[in-house]
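Here are the chains, one letter per residue:
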Amino acid sequence: MEFVASPHPSPTSDEARQQELANPGFGSRFTDHMVTIEWDEERGWHDAVVGPYQGITLDPSAAVLHYAQEIFEGLKAYRHPDGAIALFRPEQNARRLNASADRLAMPQLPEEVFLDSIRQLIAVDGDWVPSAAGSSLYLRPFMIATEAFLGVRPAKKYKFVLIASPAGNYFKSGAPAVSIWISDYTRAAPGGTGAAKCGGNYAASLVPTKEAFERGHDQVLFLDAAEHKWIEELGGMNLFFAFEDGSVITPPLAGTILPGITRDSLITLMREEGLDVREEPYSIDQWQADAESGKLIEAYACGTAAVVTPVGKVEGRKGGFTIGSGGPGQLTAKLRDRLVAIQRGTAEDTHGWVTRLT
Ligand SMILES: *Cc1c(COP(=O)(O)O)cnc(C)c1O
């Protein structure tokens, strides 16, 4: 795929960029450029452009605006100590985008094109990758149905877009334990889109998330749709439960939870530590019983944005319970440090997880 370069006519000055990178927050500032690639039935993927970050023009009848044919990914570019820019398992994001595309009847994007789009954007906006501890450049690839047509069937035109947003340290000092609310709503049903990274899943999670915030919690916990008994995941993070006997449980990938790349990486790291990690169903009642008996020592959530986050408190309509002392646990902190060190290039990459771009 040939990418046409159309440089921004008035890119951010070095000084203004440095100022932005000093305190980037999350998700509200974007780099000077974006990648767009078009798809239609006759030509497949074509017209790849690295151009100025700007608005997208859509026909008001564009399919994405009516039936939500939209999927996305999220990954980070890290600044290594030697100045190189690196990605963490980006081919997994490429693969997962295609798995999501399958579920939403959207076209496959060749993995090489996905990775090339990142290389192309980093080539022009690499200076936007911050170097401060805990900071990164968050990459957001997504695909939308652009065909102007109100009929209910897979669209015949799509656009792939890659944008990037500098992200500061998610937590200023270590990860504080979060409090979670057990929602009565469900996120995904068997046979639904729970394993796809699509905007529709998030739209459906906003009311439960708002409810959790209003009750003073940080995150929402979803149980399974059929029995409302089995723990699935948080709104955007997978969960792990660690026991005093050295075993760890995480809910299995049975189609209703999102197969997190952080989840997969942590399973590998924990097994290397000698922990007995099992992917098996775990019920909310068992969680409470194990937390109260002291058998469960830590619980943690994971995802690209916040890496590994300890869970301190759990509450639902039937009451609540505390994990350990309610604060961050040692295993959680150790895993977080292990993973972050690999991503940031301060520990050896023994798994071939890191792709250095420059
Ligand atoms: C993206 C996402 C995750 C985490 O996946 P990572 O690849 O680890 O970032 C977990 N749950 C949901 C619902 C997600 O959308």
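Nothing here was measured: the structure is a model prediction, and the numbers come from that model.

Scoring rules and cut-offs
Residues numbered from 1 in each chain as written. Predicted model: local features only at pLDDT ≥ 70, side-chain atom pairs only at ≥ 80, totals over all residues. Heavy atoms only, no water. Helix = DSSP H or I, 4+ residues; strand = E, 2+ residues; numbered from the N terminus. Rg over C-alpha atoms; globule rule 2.2 N^0.38 Å. Buried < 20%, exposed > 50% of the residue type's maximum accessible area, 1.4 Å probe, protein only. Contact = heavy atoms within 4.5 Å. Areas by Shrake-Rupley, 256 points an atom, 1.4 Å probe, with all protein chains shown as cover. Lys, Arg positive; Asp, Glu negative; His and termini not counted. Charge placed at Lys NZ, Arg CZ, Asp CG, Glu CD. Expected span 1.5 Å × (residues − 1). Phe/Tyr/Trp six-rings, centres within 6.5 Å; stacked < 30°, edge-to-face > 60°. Patch = residues over 30% accessible without salt bridge, like charges linked within 9 Å, V, L, I, M, F, W, Y side chains within 5 Å. Salt bridge = Lys/Arg side-chain N within 4 Å of Asp/Glu carboxyl O. Near = heavy atom within 4 Å. Polar contact = N/O pair within 3.5 Å; in protein donor to acceptor, adjacent residues only side chain to side chain. Nonpolar A, V, L, I, M, F, W, Y, C, P; charged D, E, K, R; others polar. Pairing = 2+ DSSP bridges. Right-handed = clockwise from strand over helix to strand, strands pointing away. Domains from an automatic or database assignment. Buried area = accessible area lost by both parts, 1.4 Å probe.

Quick look at the overall build of the protein chain
Part 1: Counting its secondary structure elements, the protein chain contains eight helices and 18 strands.
Part 2: Relative to the 2.2 N^0.38 estimate, which gives 21 Å for 358 residues, the radius of gyration of the protein chain is 21 Å and therefore close to what a compact globule would have.
Part 3: Along the three orthogonal principal directions, the C-alpha set of the protein chain runs to about 60 × 50 × 35 Å.
Part 4: Taken across its 358 residues, the protein chain has 51% of its residues classed as buried.
Part 5: In the protein chain, 71% of the contacts between residues at least 6 apart in sequence involve partners at least 24 apart.
Part 6: With an accessible surface of roughly 15,900 Å², the protein chain has 51% of that area assigned to carbon and sulfur atoms.
Part 7: Computing the positive centroid from 33 side-chain charges and the negative centroid from 46, the protein chain places the two 2 Å apart.

Remarks on helix α8 (residues 330-343)
Part 1: Compared with an ideal rise of 1.5 Å per residue, which puts 14 residues at 20 Å, α8 spans 20 Å between its outermost C-alpha atoms and is within 8% of the ideal.
Part 2: Buried residues of α8: Leu331, Thr332, Leu335, Arg336, Leu339, Ala341, Ile342 and Gln343, and no others.
Part 3: Within two residues after α8, Gly345 carries a phi angle of roughly 80 degrees, on the positive side.

What to know about the packing of aromatic side chains
Each aromatic ring pair is described using two quantities: the centre-to-centre distance and the angle formed by the ring planes.
Part 1: Per the counting criterion, the structure on display carries eleven aromatic pairs.
Part 2: Judged by centre distance (5.1 Å) and plane angle (10 degrees), the rings of Phe30 and Tyr53 are stacked. Taken together, the residues Phe30 in the loop between α1 (14-22) and β2 (33-40) and Tyr53 in the loop between β3 (44-52) and α2 (64-67) connect sequence positions 23 residues apart.
Part 3: We classify Tyr53 as partly exposed; its relative accessible area is 33%.
Part 4: Seen in terms of ring centroids, Phe88 and Trp353 are 5.5 Å apart; in terms of plane orientation they differ by 80 degrees. Their pairing is edge-to-face. Residue Phe88 is located in strand β6 (residues 85-88), and its partner Trp353 is located in the loop between α8 and β18 (354-356); the two are separated by 265 residues in the primary sequence. Pair check on accessibility: Phe88 and Trp353 agree, each one buried.
Part 5: Three or more aromatic residues link up through ring pairs in this structure, and these residues are Phe241, Phe243, Tyr282, Trp287 and Phe321.

Observations regarding a nonpolar patch on the surface
Part 1: The grouping of Tyr67, Leu150 and Val152 at the surface amounts to a nonpolar patch, some 330 Å² of accessible area in total.
Part 2: In this fold, Tyr67 is placed in helix α2.
Part 3: Judged by relative accessible area, Tyr67 falls into the partly exposed class, the value being 41%.

Quick word on the site of the ligand
Part 1: The environment of the ligand is made up of 15 residues, and the closest members are Lys197, Tyr202, Glu233, Thr262 and Thr304.
Part 2: Here Tyr202 contributes a side-chain N or O atom positioned 2.5 Å from an oxygen atom of the ligand.
Part 3: Within the complex, the protein chains bury 97% of what would otherwise be the 380 Å² of accessible surface of the ligand.
Part 4: When grouped by side-chain class, the residues that make up the shell around the ligand number four nonpolar, seven polar and four charged.

Some thoughts on the pattern of salt bridges
Oppositely charged side chains can pair when the atoms bearing their charge come close.
Part 1: Overall, the coordinates contain 20 salt bridges when judged by the stated rule.
Part 2: Taking the shortest distance from any N to any O, the salt bridge between Glu20 and Arg29 comes out at 2.6 Å.
Part 3: Its relative accessible area of 19% is what places Glu20 among the buried residues.
Part 4: When the shortest N-O distance is used, the salt bridge between Arg338 and Glu272 registers 3.6 Å. Taken together, the positions of Arg338 in helix α8 and Glu272 in helix α6 (residues 261-272) put the pair 66 residues apart, joining distant regions of the chain.
Part 5: Arg338 gets classed as partly exposed once you look at its relative accessible area, which sits at 28%.
Part 6: The structure contains a network of salt bridges with shared partners spanning Glu272, Glu273, Lys334 and Arg338.

Remarks on the pairing of strand β9 (residues 178-182)
Within a regular beta strand, the side chains point alternately toward one face of the sheet and then the other, so they alternate between its two faces.
Part 1: In terms of burial, β9 is a largely internal element, five of the five residues being buried.
Part 2: Sheet analysis places β9 next to strand β16 (residues 307-316), joined by four bridges and oriented parallel. Bridge pairing in β16 links Trp181 to Glu315.
Part 3: Strand direction decides the pairing type here: β9 and strand β10 (residues 219-223), joined by three bridges, are parallel. Within β10, the position partnered with Ile182 by the bridge is Leu221.
Part 4: Following the chain from β9 across helix α5 (residues 199-214) to the adjacent parallel β10, one finds a crossover that is right-handed.

Brief notes about the domain arrangement of the protein chain
Part 1: Under the domain assignment, the protein chain is made up of domain 1 (3-167) and domain 2 (178-343).
Part 2: On a C-alpha basis, the centres of domain 1 and domain 2 stand 28 Å from each other.
Part 3: Contact residues are listed per partner, giving 18 residues for domain 1 and 19 residues for domain 2.
Part 4: Buried surface at the junction of domain 1 and domain 2, summed over both partners, amounts to about 1,600 Å²; 59% is from carbon and sulfur atoms.
Part 5: Of all residues in domain 1, Phe72, Phe88 and Arg96 give up the largest surface area on contact with domain 2, accounting jointly for 37% of the area buried on that side.

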